[in-house]
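Reading the structure
Chain by chain, the residues:
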Amino acid sequence: MFEVIGERINTSRKKVQEATANRDADYIVDDVKKQQAAGAAFIDVNAGARIGHEEEDMKWLLETIQPVVDVPLALDSPDPAILEMAFAMVDKAPMINSISLEKERFDTMMPFLSGKTCKVIALCMDDNGMPSSSDDIIARADTLVKELNNIGIPTDAIYVDPLVQPISTDTNKGIMVLDAVRSIKAEYPEVHITGGLSNISYGLPQRKIINRTFVTLMMDAGMDSAIIDPLDDKIMAAIKTADMLLGKDAFCMNYLKSVRAGVIES
Ligand code: THG
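Everything in this summary refers to the structure shown in the same document. The model shown is predicted, which means the values in this text are computed figures rather than measured ones. (Residues numbered from 1 in each chain as written. Predicted model: local features only at pLDDT ≥ 70, side-chain atom pairs only at ≥ 80, totals over all residues. Heavy atoms only, no water.)

On to unusual backbone geometry. The amide bond that connects Asn97 to the next residue, Ser98, takes the cis arrangement and shows omega of 25 degrees. The residue Ser98 is located in strand S4 (residues 95-99) in this model. The phi dihedral of Arg23 falls on the positive side, at around 50 degrees, and the residue is not glycine. Mapping Arg23 onto the fold places it in the loop between helix H1 (14-21) and helix H2 (25-37). Here the phi dihedral of Phe251 falls at roughly 60 degrees; this positive angle occurs in a residue that is not glycine. (Helix = DSSP H or I, 4+ residues; strand = E, 2+ residues; numbered from the N terminus.)

Following this line, the structure appears as structure tokens:
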């Protein structure tokens, strides 16, 4: 089944930033309980937006969230030191968001991840920046999977993030990532594909219809996870419907359950 990584606990969101700065635990607790109830398989925690406060904010968020949810956390930071601190605080094997091929990050993250039990998001980013073709995405994913396998991270614990880019700047960007995902899944059937989706619609109006149409195309290509807002009923409905149409919902049980719960309506 498709795995939703709930994205809402991110201090780049105004309300979350306020609640974090004010140490308003009630707001955070209520939010993560809702994300879990809506079906999030992981709760992403990103404390990066208050410059100079990431370490203390991440600590407080983890202390606040961990006791009130059952699902594992996705620890989200570009800073390996933050991830290391956060990893030591959680009692359930987390998802590490993320490693990439950027040299400094890669060289610090690899010894830290070596032999650990956790899931890892592998960003197809290197020191040249975003990938510029399908082949580029495929080559970066291939390197990341091989390197992570070498330090004891099994392929089915790896979540490749191919890095979705705006369709408004180059209308080839949709096909580019869809083709890459198909190839990566053909080469590594056990690997997971995840990522944020909203970059696809950057610069265009009515972004949500673009994001939720794109996620269904990505699911056909092999995406089986995404970092999204699980309280957005419309994208959740699109995902559940696509899961069913792709044969991943035995007896259409989840679809029917979601209709009865009022989460899916035409
Ligand atoms: N890949 C990986 N991790 C990621 C991303 C990714 N982590 C961060 C980000 N991208 C995904 N998380 C979020 C969290 C919140 C929002 C978007 C992405 C969000 N954005 C509002 C919007 O788009 O309208 C604006 C902020 C606001 O509400 O004030 O909420 O790609 N591996």
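Below, the discussion takes up the pairing of strand S5 (residues 119-123). If a strand is regular, its side chains alternate between the two faces of the sheet. Counting buried residues along S5, 4 of its 5 residues qualify, which places the element largely inside the surrounding structure. Here S4 runs beside S5; their pairing, made up of 4 bridges, is parallel. The residue of S5 that forms the bridge with Ile96 is Val120. Since S4 and S5 lie parallel, the crossover through helix H5 (residues 103-113) that links them has a hand, and here it is right-handed. Considered for its hand, the β-α-β crossover made up of S5, helix H6 (residues 134-150) and strand S6 (residues 158-161) is right-handed. (Buried < 20%, exposed > 50% of the residue type's maximum accessible area, 1.4 Å probe, protein only. Pairing = 2+ DSSP bridges. Right-handed = clockwise from strand over helix to strand, strands pointing away.)

Ile9, Ile65, Ile99, Leu113, Leu148 and Val160 are the most contacted members of the largest nonpolar core, which has 72 residues in total. When residues in this core are grouped by element, the largest group, 6 residues, is from helix H7 (residues 173-187). For Val160, the residues in contact, after removing those within four places along its chain, are Ala122, Cys124, Ala141, Val145, Ile184, Val191, His192, Ile193 and Thr194. One finds Phe42, Ile121, Leu123 and Ile227 within the second-largest nonpolar core, a separate group that totals 10 residues. (Core = buried A, V, L, I, M, F, W, Y, C linked by side-chain atoms within 4.5 Å. Contact = heavy atoms within 4.5 Å.)

Lining the immediate environment of the ligand, one finds Glu7, Asn10, Ser12, Arg13, Lys14, Asp76, Asn97, Ile121, Leu123, Asp161, Gly196 and Ile227. Taking Arg13, its side chain carries an N or O atom lying 3.4 Å from an oxygen atom of the ligand. In this structure, a nitrogen atom belonging to the ligand sits 2.7 Å away from a side-chain N or O atom of Asp161. Protein coverage of the free-state accessible area of the ligand, which is 670 Å², stands at 60%. Counting residues per element, the ones that place at least two in the shell around the ligand are strand S1 (3-10) and S5. Residue classes in the shell around the ligand are distributed as 3 nonpolar, 4 polar and 5 charged. (Near = heavy atom within 4 Å. Polar contact = N/O pair within 3.5 Å; in protein donor to acceptor, adjacent residues only side chain to side chain. Areas by Shrake-Rupley, 256 points an atom, 1.4 Å probe, with all protein chains shown as cover. Nonpolar A, V, L, I, M, F, W, Y, C, P; charged D, E, K, R; others polar.)

Applying the stated rule across the entire model yields 13 salt bridges. Two residues, Arg8 and Asp229, come together in a salt bridge whose shortest N-O distance is 3.0 Å. Placement of Arg8 in strand S1 and of Asp229 in the loop between strand S8 (225-228) and helix H9 (233-245) is noted, with a sequence separation of 221 residues between them. No difference in accessibility class separates Arg8 from Asp229, as the two residues are buried. One salt bridge connects Asp126 with Arg140, and the closest N-O pair in it is separated by 3.2 Å. Of this pair, Asp126 sits in the loop between S5 and H6 while Arg140 sits in helix H6, and the two are 14 residues apart along the sequence. Here Asp126 and Arg140 have matching classes, each one buried. Each of Arg8, Asp31 and Asp229 takes part in a single network of salt bridges with overlapping partners. (Salt bridge = Lys/Arg side-chain N within 4 Å of Asp/Glu carboxyl O.)

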